[in-house]
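# An overview of the molecular structure
This is what each chain is made of:
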Amino acid sequence: MDLLDPPAVPDSSPIIELIEAFRRSKAMFAAVSLGVFDLLERQSDHVAALASQLRVEADPLERLLDACVGLKLLRRNRTAYENEPVASTYLCRASARALTGYILYSNDVLFRLWSHLEDGVREGTPRWKQEFGIEGGIFDNFFRTQEARETFVQGMHGFGLLSSPKVVEAFDLSRFRLLVDLGGATGHLAIAACERYLNLRAVVFDLPQVIEAARVHAKQSSAAQRVEVIVGDFFHDDLPEADLFAMSRILHDWAEEKIHTLLARIYQRLPAGGGILLAEKLLKEDKTGPSSAQLQSLNMLVCTEGKERTLGEYRQLLEDAGFSNVQGKFTGSPLDTVLAIKP
């Protein structure tokens, strides 16, 4: 190499991709919010007809539709647009696997909270008051209306359908007989567990505002006769009897003081040999990844008092509560899993 040659210039494409990343997200968010995919699921049509039904201007709509074609969410057949299968499955409200609830929540709430990330880093607190003028965190604010509750819960359900089957198969749970899913929302984890383990019964335990969704989904399951729904607050009410407690996306919402309180309550309720199953995003031990867990930890900063953790950090929390034999696995799904046993 010639000593006079200038140093190689790093590839700029990762930076350019990040500059444009929010534009791709927002294009999908806007198309879902406007009902583009729902309308196209009923009929393929050209821009003028779609604009009339959506009550928007034709030229900007065409730009949005073409952007969705570029994102491989739509296909264009001459002048008509159609949903790609991925959009039909995940971006239509009527789909059983819809992620639209979480997309709408991301569009209406998270997109705005994230605009104050710098202040969240400076102050270490959620951004609800700064953006919406209201105190508290996600559960105080996002559950304040029925529509907000339903949007959030259905969003979590879509993610649960992707992750819960992987979570319940990561470890052999066949020795357990009664699972209680704390904060189980639509019951996706309890249902997945009962469908996999035919000798298992389950209870979905959650607040009255959200528990009705679990009844609806449990009735549609092949394991419906083995899934019970009980109203309760896991911080304050007596916990049901169980030999396995499960929590999906629960501990990452809270600061350590509340986690210690909750784990102590679970430990006291379990018999010897009973277990606790956590479904959370796991960070690598050196916290160098995965990126999805790192970004989710920032997400928790702007909207809750919690964060994502490594298996080692969960092990410490669980062992402090008295649990042993703490094991964790990356599942390849949106959530990973941790299992611990009461000696």
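### What to know about the overall build of the protein chain
Counting its regular elements, the protein chain contains 15 helices and 12 strands. Relative to the globule expectation of 20 Å for 343 residues, the C-alpha radius of gyration of the protein chain, 22 Å, shows essentially globular dimensions. The dimensions of the protein chain, computed from C-alpha atoms along their principal axes, are 65 × 65 × 45 Å. Looking at the protein chain as a whole, 49% of its 343 residues are labelled buried. Sequence separation of at least 24 residues holds for 65% of the intrachain contacts in the protein chain that already meet a minimum separation of 6. Carbon and sulfur atoms make up 52% of the accessible area of the protein chain, which amounts to about 17200 Å² in all. With 38 positive and 47 negative side-chain charges, the protein chain shows a separation of 4 Å between the mean positions of the two kinds.

### Focus: the pattern of salt bridges
Scanning the model with the defined rule gives 14 salt bridges in all. Close ionic contact of aspartate 38 with arginine 93 constitutes a salt bridge, the shortest N to O distance being 2.4 Å. Remark: arginine 93 occurs in the loop between helix H5 (85-90) and helix H6 (100-114) and aspartate 38 occurs in helix H2 (residues 36-42); sequence separation between them is 55 residues. Aspartate 38 sits in the buried class, given a relative accessible area of 15%. A relative accessible area of 39% means that arginine 93 is categorised as partly exposed. Residues glutamate 62 and arginine 76 are paired through a salt bridge, measuring 3.1 Å at the closest nitrogen-oxygen approach. With glutamate 62 in helix H4 (residues 58-70) and arginine 76 in strand E2 (residues 74-77), this residue pair connects regions lying 14 residues apart in the sequence. Glutamate 62 sits in the partly exposed class, given a relative accessible area of 26%. Taking relative accessible area as the criterion, arginine 76 reaches 37% and is therefore assigned partly exposed. Where salt bridges share partners, they join Glu62, Asp66 and Arg76 into one cluster.

### Focus on helix H15 (residues 311-320)
For H15, every residue scored as buried is listed here: Leu311, Tyr314, Leu317 and Leu318. Buried residues in H15, looked at end-on, bunch into an arc of 125°, giving them a common side. In this fold, the buried residues of H15 make contact with helix H13 (256-269), strand E8 (275-280), strand E9 (282-283), strand E10 (309-310), strand E11 (324-329) and strand E12 (336-341).

Cut-offs used in this document
- Residues numbered from 1 in each chain as written.
- Predicted model: local features only at pLDDT ≥ 70, side-chain atom pairs only at ≥ 80, totals over all residues.
- Heavy atoms only, no water.
- Helix = DSSP H or I, 4+ residues; strand = E, 2+ residues; numbered from the N terminus.
- Rg over C-alpha atoms; globule rule 2.2 N^0.38 Å.
- Buried < 20%, exposed > 50% of the residue type's maximum accessible area, 1.4 Å probe, protein only.
- Contact = heavy atoms within 4.5 Å.
- Areas by Shrake-Rupley, 256 points an atom, 1.4 Å probe, with all protein chains shown as cover.
- Lys, Arg positive; Asp, Glu negative; His and termini not counted.
- Charge placed at Lys NZ, Arg CZ, Asp CG, Glu CD.
- Salt bridge = Lys/Arg side-chain N within 4 Å of Asp/Glu carboxyl O.
- Arc of directions from axis to C-beta.

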